[in-house]
Amino acid sequence: MEAEIAQLVTTGATTVVGLMATEAWTQLRSRLAGLLGRGRDAEEVSAELEEIRVEVVRADGDTELVGDQTAELRNRIRRLLRQEPDAAGELRALLEEFTPRQPRQVVITHTVNTIDHGTVNGTVIMTGPVHGTIGQHPAPPGN
């Protein structure tokens, strides 16, 4: 159970930080403030969350700064779940509601590379899954 809560804390913080730069943030912020601010003024908690969002948006690719803000949220979520374990279900429902759904796709690729009756003077690189045998053939005489 402890590992599940740790995963929820990490996923929750990462997901919230990712949503801070989206249109969904306005709705999420007020709902998250209500969840995190139990017993506190929701407006105050909302303002604190907005400060974190401003830092994330200003980070402009600075992964260390975004990591710091994610850690701040992780600590807040962890404190909430320690004080009120029942809040885990509410957090899961909130994340489920606001996490963008990605359609599941199965992509099957088949790659065939053939060098036939030619001369290659250099390295041949094949990437992707390899099924079968890749062999090295001796160079023709005179090369």
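Structural data are supplied above this passage.
### Side note on the overall build of the chain
Right, so step 1: Helix and strand content of the chain: five helices and zero strands.
Right, so step 2: Mapped from its N terminus to its C terminus, the chain presents α and β elements in the order α-α-α-α-α.
Right, so step 3: Taking all 143 residues of the chain together, 27% fall into the buried category.
Right, so step 4: Sequence-distant contacts, at least 24 apart, represent 65% of the contacts inside the chain between residues at least 6 apart.
Right, so step 5: When the accessible surface of the chain is split by element, carbon and sulfur atoms take 49% of a total near 10,700 Å².

### As for the packing of helix α2 (residues 25-36) against helix α3 (residues 42-59)
Right, so step 1: Where α2 meets α3, the closest approach of the two axes is 8 Å, and the angle between their N-to-C directions is 125°. In terms of orientation, α2 lies oblique with respect to α3. Here α2 runs over α3; the crossing is right-handed. Every residue of α3 that contacts α2 at Trp25, Arg29, Leu32, Ala33 and Leu36 is listed here: Ala42, Val45, Ser46, Leu49, Glu50 and Arg53.

### A word on a negative patch on the surface
Right, so step 1: On the surface, Asp60, Asp62, Glu64 and Asp68 cluster together into a patch of negative charge.
Right, so step 2: On the secondary structure map, Asp60 appears in the loop between α3 and α4 (63-83).
Right, so step 3: On the basis of relative accessible area, Asp60 is assigned to the exposed category, the value being 71%.

### Observations concerning the side chain of Glu50
Right, so step 1: By secondary structure assignment, the location of Glu50 is in helix α3.
Right, so step 2: A polar contact of 2.6 Å, which involves the side chain of Glu50, links it to the side chain of Arg29.
Right, so step 3: If we ignore the near neighbours within four places in the chain, the residues touching Glu50 are Trp25 and Arg29.

### Brief notes about the nonpolar core
Burial of nonpolar side chains together is a common tendency in soluble globular proteins.
Right, so step 1: Counting 28 residues, the largest nonpolar core has Val16, Leu28, Leu32, Leu49, Leu73 and Leu81 as its most contacted members.
Right, so step 2: Listed by contribution, the elements that provide at least two residues to this core are α1 (2-19), α2, α3, α4 and α5 (87-98).
Right, so step 3: Looking at which element gives the most residues to this core, the answer is α1, with seven residues.
Right, so step 4: Filtering out sequence-adjacent residues up to four positions away, Leu49 remains in contact with Met20, Trp25, Arg29, Leu32, Ala33, Leu36 and Leu73.

### Regarding α3
Right, so step 1: The end-to-end C-alpha distance of α3, which contains 18 residues, comes to 26 Å, matching closely the 26 Å that a straight helix rising 1.5 Å per residue would cover.
Right, so step 2: Taken together, the buried residues of α3 touch α1, α2 and α4.
Right, so step 3: Just beyond α3, the residue with positive phi is Asp60, at close to 45°.

### Quick word on the pattern of salt bridges
Right, so step 1: Counting across every chain of the model gives eleven salt bridges.
Right, so step 2: For Glu48, the salt bridge is made with Arg76, and the minimal N-O distance between the two is 2.9 Å. Of the two residues, Glu48 is situated in helix α3 and Arg76 in helix α4; the sequence distance between them amounts to 28 residues.
Right, so step 3: Relative accessible area serves as the criterion here: at 16%, Arg76 is assigned to the buried category.
Right, so step 4: Connected through shared salt-bridge partners, Arg40, Glu44, Glu48, Glu72 and Arg76 make up one network.

### Considerations on α1
Right, so step 1: End to end, α1 covers 26 Å across 18 residues, agreeing with the expected 26 Å (1.5 Å per residue, within 8%).
Right, so step 2: For α1, every residue scored as buried is listed here: Ile5, Leu8, Val9, Gly12, Ala13, Thr15, Val16, Val17 and Leu19.
Right, so step 3: Each element contacted by the buried residues of α1 is listed here: α2, α3, α4 and α5.

### Notes on the side chain of Arg53
Right, so step 1: On the secondary structure map, Arg53 appears in helix α3.
Right, so step 2: A polar contact of 2.7 Å, which involves the side chain of Arg53, links it to the side chain of Glu50.
Right, so step 3: Once residues within four sequence positions are removed from consideration, Arg53 is found in contact with Met20 and Trp25.

Each value, and the rule that gives it
- Residues numbered from 1 in each chain as written.
- Predicted model: local features only at pLDDT ≥ 70, side-chain atom pairs only at ≥ 80, totals over all residues.
- Heavy atoms only, no water.
- Helix = DSSP H or I, 4+ residues; strand = E, 2+ residues; numbered from the N terminus.
- Buried < 20%, exposed > 50% of the residue type's maximum accessible area, 1.4 Å probe, protein only.
- Contact = heavy atoms within 4.5 Å.
- Areas by Shrake-Rupley, 256 points an atom, 1.4 Å probe, with all protein chains shown as cover.
- Axes fitted to C-alpha atoms, helices over the stretch in contact; angles between N-to-C directions.
- Parallel < 35°, antiparallel > 145°, perpendicular 65-115°, else oblique.
- Left-handed = near helix turned anticlockwise from the far one by under 90°.
- Patch = residues over 30% accessible without salt bridge, like charges linked within 9 Å, V, L, I, M, F, W, Y side chains within 5 Å.
- Salt bridge = Lys/Arg side-chain N within 4 Å of Asp/Glu carboxyl O.
- Lys, Arg positive; Asp, Glu negative; His and termini not counted.
- Charge placed at Lys NZ, Arg CZ, Asp CG, Glu CD.
- Polar contact = N/O pair within 3.5 Å; in protein donor to acceptor, adjacent residues only side chain to side chain.
- Core = buried A, V, L, I, M, F, W, Y, C linked by side-chain atoms within 4.5 Å.
- Expected span 1.5 Å × (residues − 1).

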